[in-house]
Every structure is written in C-alpha cells, then in structure tokens.
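One letter stands for each residue in the lines below.
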Amino acid sequence: CGYCDFNSYAGHEHMIPSYAGTLVKDASLWREAVGGRRVETVFFGGGTPSLNPIDEMAKILDGMRAAFHIDPNAEVALEANPGSITTEYLRGLHDIGFNRLSIGVQSFDDEELVILDRVHTGQQARQAYASARAAGFMNVNLDLIYGLPEQPLAAWQRTLEEALALGPEHFSLYALTVEDGTPLARDVARGRVPAPDPDMQAEHYEWTQERLARAGYEHYEISNWARPGYRCKHNLVYWQNREYLGLGAGAHSFLNGVRFSAVLLPNRYAELVDESAAALADGSGTMLHIVGAETVTPELSMADTLILGLRLVDGVDAGAFARRYGRDVDAVYGDVLTEFAGYGLLDRTPTHLRLTPRGRLLSNELFQRLLPEPVA
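Residues numbered from 1 in each chain as written. Predicted model: local features only at pLDDT ≥ 70, side-chain atom pairs only at ≥ 80, totals over all residues. Heavy atoms only, no water.

Undergrad: Can you walk me through the sheet that holds strand β12 (residues 346-348) in this structure?
TA: Strands in a sheet are paired, the pairing made by backbone hydrogen bonds, and the direction either parallel or antiparallel. The sheet built from three strands is open, its strands ordered β11-β13-β12 with antiparallel pairing. Across the chains shown, the open sheet's two edge strands, defined by having one partner strand only, are β11 (316-317) and β12. Where β11 lies against strand β13 (residues 352-355), two bridges are found, and the strand directions are antiparallel. Bridge pairing links Val316 to Leu353 in β13. (Pairing = 2+ DSSP bridges. Helix = DSSP H or I, 4+ residues; strand = E, 2+ residues; numbered from the N terminus.)

So this is what it looks like as structure tokens:
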C-alpha cells in the first residue's frame, strides 16, 4: 500500500514453506533465553500473514508450542487483508487455535480504497467479516483509517457507521500518516496529492470518540476501542512496556533489558538463522541474524514506560512506576508534568497521570519532552 512502510515483499511465495521452517528454528534458538516464562499472547502480523497456507500456519504454531510455554488461554491473533481470506481458510485457523482476527478494512468506500492502494473492495471487506463470524471467531477487530487527503467528515462517518453496524468487538482507528520512504510520501513531496490536514483529522477523531462512546465501546488507548473484556492483550504488552520476542525477517524484540531486531531481507534472515543454529550446536551460541542490539538504560526505560503508558486512557499508575524504578515520577519528570498539566493536556490525580481529551490530540508534544537527552 502507498502509505505503508512495513517490511513486506511481493514475489516471494516460493519461500513460504521453507520460511515457516525457519520461524520454527528461530523459535527454538530462544527457548533458553525465554527461560520457561509463560507466553500470554501470540500475534501474527506485518505484511499479509493470511497468505500462508493452513498447514504452514499449523507448523509454525506447533513449533511455538514446542519451544515455549504458551498459556492454554493465550490470545492467538492474526492480521488479515480482506481479499486474502475465505470462510474455509478462517475455519482452518480457528481449528488450529487462533482466537482473534484483525481485518485490515481501512475503508468501506471503494474510491478511498483506490486512493490507499488497497487491493480489496468494500464488498470484500464485508464478506471477510461475515466469513470470520461463520468460521467461529468471537473476537474480531477492524482496522480503519481516517483523515485521508480532502476526506470530508461525512465520508468518514459513513465508513464508521457501516463498521458499527457489523458489531465487531474491537476497533483500531488511525489517522493517515505520511511515512518517510513510502509512495505516499513521494506523492506528497511532488505535489501530486495534498498532505493530510491535521485540523480535519482532529475533527474526525473528536467525532469518533463521541460516537463510539455512545455505541458502548471503551476508549482504552489513543487509537483503540473495545467492547468490555475485549482489549487487545498483545498490544497492551507494548503499552505497558513489557517484554516481547519477535520472530521473522525484520521483527523487533525487547527481552532481558535489550532491544534488538532481525535482519530485514527474508533470504538473508533464513540463511543467518541456519548459521545461528549451527553456531548454537557447536557451542558458540552467536545469534548471527540479530542486528541493532541496544541495552535500554534506566532513564530510557522510565521514559518509555511513561510515554507508552500515557497512550492508555487509564494512564500511568504513579505507585506502580515508583515500585518498578525506585523513584517517584515527580522526582524525575515533575517540571514537565506540571507544565503540561497547566496547559490542560495532562490530568493528575493522587494516584494516576492521564492525558486529557485535548492532550490526546497533542500527545507527541509531551512525549518529545519526556525522552532523555541523547548521549553525545
């Protein structure tokens, strides 16, 4: 898609069977490092994992279960594009253990889908949702995008009203952003399309908050809403600044206080996983497919916990912050927090820090101030 900067590739279908085996091998390399910890969520995302055949998905899941202690009640989720799924396929996923589905609808308007370079139609999106229900999925998320260039509020309202009529358990709703290096960024730079209007996006967002509240959805994160009991457990791991392990080409991880990622190119990733497995077998234990390792300092960890936690509507528990770091949040960030509370962007209670509704619109202004100064 023109707006997307995911690490995805076309014309690599021939790699799928061997790539599934590579993922399983990669998982086995981390068994000791994970140390028997219970895995509460498994998430297949990025690109279009729903292109993977059911037998390969089963192979990967079985490999995960062999390598890690996956909780029997774990949230096992898949991202899917509407044009790549059928009832039969989704039933197969449900049968092997998937229990949450996130459908990348983006819009129900065919003209907007063309603008977004999506390959599905609004009717295919409706059919994908019906297929998910027919396959037995009781936890379905819809991804939608608002604030397209020159998109009137009424057009966004039509898409969201249609989505509400379907009745999913969860919504992830994002303002269109221009990511460096994407076709959209090049088109904007060359004047082919106008840049998204932040004031218009704010209008869309404010209407969305009010409409979903009336419909009974909990607004629990800046861009996410859920029926009671259906918050995305996997994404909460990120927002609570907890640890996670990413497997696959370009996948990111945060484990044992270190951030790292795997090499980007699938062919190179597969080669280096094989070499890493051989290195582990001969006792050297070098993870050759891992790049960009960064030890997270206490200062950066505190900033991450505060920034990510403020994305949650519940906010940051000041007592939990103090217990985690042995420092009071005001002792570290008091001046900045007082300043932004004075602007009406931050709400401070005796126990919590929360963004105000206006603060959610201007959250990046605060987040930039919370980051530690870069080391020279």
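Undergrad: What is the right way to read helix α16 (residues 363-370) from this model?
TA: What sets the pattern is the α-helix's 3.6 residues per turn: residues three or four places apart point alike. Within α16, burial applies to Ser363, Leu366, Phe367 and Leu370. End-on view of α16: buried residues confined to an arc of 100 degrees, all on one side of the axis. Where α16 is buried, its residues meet α12 (298-310), α14 (329-342), β12, β13 and α15 (357-361). (Buried < 20%, exposed > 50% of the residue type's maximum accessible area, 1.4 Å probe, protein only. Arc of directions from axis to C-beta. Contact = heavy atoms within 4.5 Å.)

Undergrad: Please explain the packing of aromatic side chains as it appears in this structure.
TA: Aromatic rings in a pair are described by how distant their centres are and how their planes are angled relative to each other. Overall, the coordinates contain 12 aromatic pairs when judged by the stated rule. Each ring, one from Tyr205 and one from Trp225, has its centre 6.2 Å from the other, and the planes form 65 degrees; the classification is edge-to-face. Of this pair, Tyr205 sits in helix α9 (residues 198-214) while Trp225 is found in strand β7 (residues 224-226), placing the two residues 20 residues apart along the sequence. Of the two residues examined, Tyr205 and Trp225, each falls in the buried class. (Phe/Tyr/Trp six-rings, centres within 6.5 Å; stacked < 30°, edge-to-face > 60°.)

Undergrad: What exactly am I supposed to notice about the sheet that holds strand β9 (residues 258-262) here?
TA: Ordered in space as β8-β9-β10, the three strands form an open sheet in which the pairing is antiparallel. The sheet terminates laterally at β8 (252-255) and β10 (290-295), the two strands that pair on one side only. Adjacent strand axes in the sheet meet at a mean angle of 20 degrees when their direction is disregarded. As paired strands, β9 and β10 are joined by four bridges and run antiparallel to one another. (Axes fitted to C-alpha atoms, helices over the stretch in contact; angles between N-to-C directions.)

Undergrad: What exactly am I supposed to notice about the nonpolar core here?
TA: The nonpolar side chains of a soluble globular protein tend to be buried with one another. With 80 residues, the main nonpolar core has Phe171 and Leu310 as its most contacted residues. Counting six residues, the second-largest nonpolar core is a separate cluster that includes Tyr220, Ala226, Cys232 and Leu312. (Core = buried A, V, L, I, M, F, W, Y, C linked by side-chain atoms within 4.5 Å.)

Undergrad: Just to check I follow, could you spell out the pattern of salt bridges for this structure?
TA: Two side chains with opposite charge may pair up if their charged atoms get near one another. One pass over the structure, following the stated rule, counts 18 salt bridges. Measuring nitrogen to oxygen at the nearest pair gives 3.4 Å for the salt bridge that ties Glu218 to Arg231. Placement of the pair is Glu218 in strand β6 (residues 218-221) and Arg231 in the loop between β7 and α10 (233-239), with a sequence separation of 13 residues. Given a relative accessible area of 27%, Arg231 falls into the partly exposed group. (Salt bridge = Lys/Arg side-chain N within 4 Å of Asp/Glu carboxyl O.)

Undergrad: Which parts of the structure should I look at to understand the packing of helix α4 (residues 87-96) against helix α6 (residues 122-134)?
TA: In a packed pair of helices, the relevant descriptors are the angle between the two axes and the axis-to-axis distance. At a minimum axis distance of 8 Å, the contact between α4 and α6 shows a crossing angle of 40 degrees. Accordingly, the angle class assigned to the pair α4 and α6 is oblique. In this structure, the crossing between α4 and α6 has a hand that is right-handed. Contacts from Thr87, Leu90 and Arg91 in α4 reach Ala128, Ser131, Ala132 and Ala134 in α6. (Parallel < 35°, antiparallel > 145°, perpendicular 65-115°, else oblique. Left-handed = near helix turned anticlockwise from the far one by under 90°.)

Undergrad: Honestly, helix α1 (residues 16-29) in this entry has me stumped. Any pointers?
TA: Here α1 contains 14 residues, and its C-alpha end-to-end distance of 20 Å stays within 8% of the 20 Å for a straight helix at 1.5 Å per residue. Of all the positions in α1, only Ile16, Ala20, Thr22, Leu23, Asp26, Ala27 and Leu29 are classed as buried. For α1, the secondary structure elements touched by its buried residues are α2 (31-34), α3 (54-67) and α11 (266-281). (Expected span 1.5 Å × (residues − 1).)

Undergrad: Help me understand unusual backbone geometry in this model?
TA: Peptide bonds are trans in most cases, and residues, glycine excluded, mostly fall at negative phi. Phi at Gln106 takes a positive value of approximately 70 degrees, unusual for a residue other than glycine. Take Gln106: it is sitting in strand β3 (residues 100-106). For Glu150, which is not a glycine, the phi torsion comes out positive at approximately 60 degrees. With respect to the element layout, Glu150 can be found in the loop between β4 (140-146) and α7 (153-166).

Undergrad: What am I meant to see in the side chain of His120 here?
TA: Along the chain, His120 turns up in the loop between α5 (110-115) and α6. Owing to a relative accessible area of 4%, His120 belongs among the buried residues under this scheme. Discounting residues that sit within four places of it in the chain, His120 has contacts with Pro82, Gly83, Gly104, Val105, Ser107, Leu113 and Ala125.

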